[in-house]
Amino acid sequence: MVLAGLLAVLAGCAPPEHKEAAGRLNVVTTVGMIADVVREVGGPHVHVTGLMGPGVDPHLYKASEGDVRRLYRADVVFYGGLHLEARMAEVLEEMGTRTTVVAVTDSVPRSLLRRPAAFAGNYDPHVWFDVRMWETTVGVIAATLSRADPAHAAEYRSRAAAYRLRLAELDRYVRRQAARVPAEKRVLITAHDAFNYFGRAYGFEVRGLQGISTAAEAGTADVQELADFIARRRIPAVFVETSIAPRTIQAVQEAVQARGFAVRIGGSLYSDALGSPGSEAATYPGMVKHNIDTIVDALLRDPQGARP
């Protein structure tokens with residue numbers, strides 16, 4: 001109700017002055033992965049505000065009054081789509097009537113998207129875990145910025161082309177790292193079911209305790225079922241996520257130990273948010289490298305924790 005009232009007040013205001021004094025486009029994004037692409041493609045001609053910082057879960061995020069004001073002042077708004085920001089749907093829809101609002105996953109061919117039955121028939125929104133799929137968002141971002149700021153369109157296209165080359169090398173790096181793990185050991189177990197595009201692209205069997213959206217709570221039966229799987233397959237490590245409390249994975253670890261098998265917490269993965277500024281995972285490529293390095297290191301350790 002508060003946000004609805006604020007939207008009504010803003011709707012009655014005069015159109016905002018969009019561009020900053022320096023002439024840069026004022027761009028607002030939801031998740032940090034999108035913000036990072038916009039910064040890379042836009043360079044000095046954009047000012048980017050990301051609404052969801054490190055450790056923030058986009059599935060549960062609700063727009064604040066401050067967020068609505070930032071969105072209202074934006075020249076362009078980029079969001080993930082595919083129900084990633086489910087609780088912001090009303091606000092994003094309203095903003096689409098007064099400024100340019102783009103779902104970056106509209107660029108992804110629907111034939112490549114997964115539609116898990118447990119996600120009420122919706123597509124899995126976690127496309128950034130397949131670097132080649134995420135690369136498709138670069139084009140739609142560059143095209144949108146070019147339409148909003150034609151004077152710098154050539155530079156946006158040039159920067160987008162250079163960034164695509166970086167992502168191609170990043171994809172090759174992930175594949176080289178994944179290949180270090182024997183196929184039978186490529187089993188990734190995480191707090192929620194976010195890594196299926198990663199698994200499909202890089203040859204990992206993936207299990208998540210919670211569903212595609214963290215709004216779905218994991219129950220005791222889910223913990224016990226996953227613990228049975230880990231003990232039976234003798235999976236050496238499971239992983240927590242930076243945007244989800246670790247208690248659910250810790251409960252799985254305890255349940256596995258009760259079955260006579262010790263499974264380690266292999267490390268913390270970045271799933272729905274980037275790392276803090278200055279950290280190795282503060283950018284999208286840094287996040288991807290952190291994740292694959294963490295996964296490979298943990299799965300290659302022997303049961304006593306030593307690396308090969």
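One can find the structure itself at the top, above this paragraph.
Numbers given for residues are sequential positions, taken from 1 along each chain in its written order. In keeping with the predicted nature of the model, local features appear solely for residues at pLDDT of at least 70, side-chain atom pairs appear and are counted solely at 80 or more, and the whole-chain, interface and lining totals rest on all residues. The side-chain quantities take in all heavy atoms of the structure and omit both hydrogens and water.

1. Here we look at the environment of Glu-155
Next up, step 1: By definition, any uninterrupted DSSP run of H or I lasting at least four residues is a helix, any uninterrupted run of E lasting at least two residues is a strand, and each is numbered from the N terminus. By the element assignment, Glu-155 lies in helix H6 (residues 153–179).
Next up, step 2: Buried residues are those whose accessible area, probed at 1.4 Å on protein chains only, stays under 20% of the maximum for their type, while exposed residues exceed 50% and partly exposed ones sit between those limits. Judged by relative accessible area, which is 30%, Glu-155 ranks as partly exposed.
Next up, step 3: Taking C-alpha positions, Glu-155 is 9.3 Å from Ala-142, a pair spaced 13 residues apart along the chain.
Next up, step 4: We call two residues in contact whenever any of their non-hydrogen atoms come within 4.5 Å of each other. Setting aside chain neighbours within four positions, we find Glu-155 in contact with Pro-44 and His-45.
Next up, step 5: Within 3.5 Å is the distance limit for a polar contact, defined as a pair of N or O atoms, with the added protein rule that one can donate a hydrogen and the other accept it, and that residues adjacent in sequence qualify only through two side-chain atoms. Engagement of the side chain of Glu-155 in a polar contact is seen with the side chain of His-45, the distance being 2.7 Å.

2. A closer look at the pairing of strand E6 (residues 205–210)
Next up, step 1: We treat two strands as partners when DSSP finds at least two bridges between them. Bridge count between strand E5 (residues 187–192) and E6: five bridges; the pairing is parallel. Across the sheet, the residue bridging to His-192 is Gln-210, located in E6.
Next up, step 2: Consider the strands pointing away from the viewer: the crossover is right-handed when the path from the first strand over the helix to the second runs clockwise. Crossover handedness for the path E5 to helix H7 (residues 196–202) to E6: right-handed.

3. Here's the deal with the sheet that holds strand E2 (residues 46–50)
Next up, step 1: Spatially, four strands are ordered E2-E1-E3-E4 in an open sheet, and the strand pairing comes out parallel. The sheet is open, and its two edges are formed by E2 and strand E4 (100–103), each paired on a single side. When strand polarity is set aside, the average angle formed by the axes of neighbouring strands in this sheet is 20°.
Next up, step 2: Pairing of strand E1 (residues 25–29) with E2, which is carried by five bridges, proceeds in the parallel orientation. In the sheet register, Thr-29 faces E2, and the bridge partner there is Gly-50. Note on definitions: angles span 0 to 180 degrees between N-to-C directions of axes, and those axes are lines fitted to C-alpha atoms, for helices only across the stretch in contact.

4. A few points about the packing of aromatic side chains
Next up, step 1: Note on aromatic pairs: the rings of Phe, Tyr and Trp (six-membered ring only in Trp) are paired at centre separations within 6.5 Å, and the planes decide the class, stacked below 30 degrees, edge-to-face beyond 60, tilted for the rest. Here the structure, examined in full by the defined rule, presents seven aromatic pairs.
Next up, step 2: Between Phe-195 and Phe-198 the ring centres are 6.3 Å apart and the planes differ by 90°, which places this aromatic pair in the edge-to-face class. Each member of the pair, Phe-195 as well as Phe-198, is classed as buried.
Next up, step 3: For the pair Phe-198 and Tyr-202, a centre-to-centre distance of 5.4 Å together with 55° between the ring planes defines the contact as tilted. With Phe-198 and Tyr-202 both in helix H7 and four residues apart, this pair spans about one turn of that helix.
Next up, step 4: Of the residues examined, Tyr-202 reaches a relative accessible area of 5% and is grouped as buried.
Next up, step 5: Here the aromatic cluster, defined as three or more aromatic residues joined through ring pairs, consists of Trp-128, Phe-129, Trp-134, Phe-195, Phe-198, Tyr-202, Phe-204 and Tyr-284.
Next up, step 6: Geometrically, a charge over a ring is one whose NZ (Lys) or CZ (Arg) sits within 6 Å of the ring centre while staying within 35 degrees of the ring normal. Of note, Arg-115 hangs over the ring of Tyr-123, and the distance from its end group to the ring centre comes to 4.4 Å.
Next up, step 7: If you follow Arg-207 out to its NZ or CZ, it ends over the ring of Phe-229, 3.9 Å from the centre.

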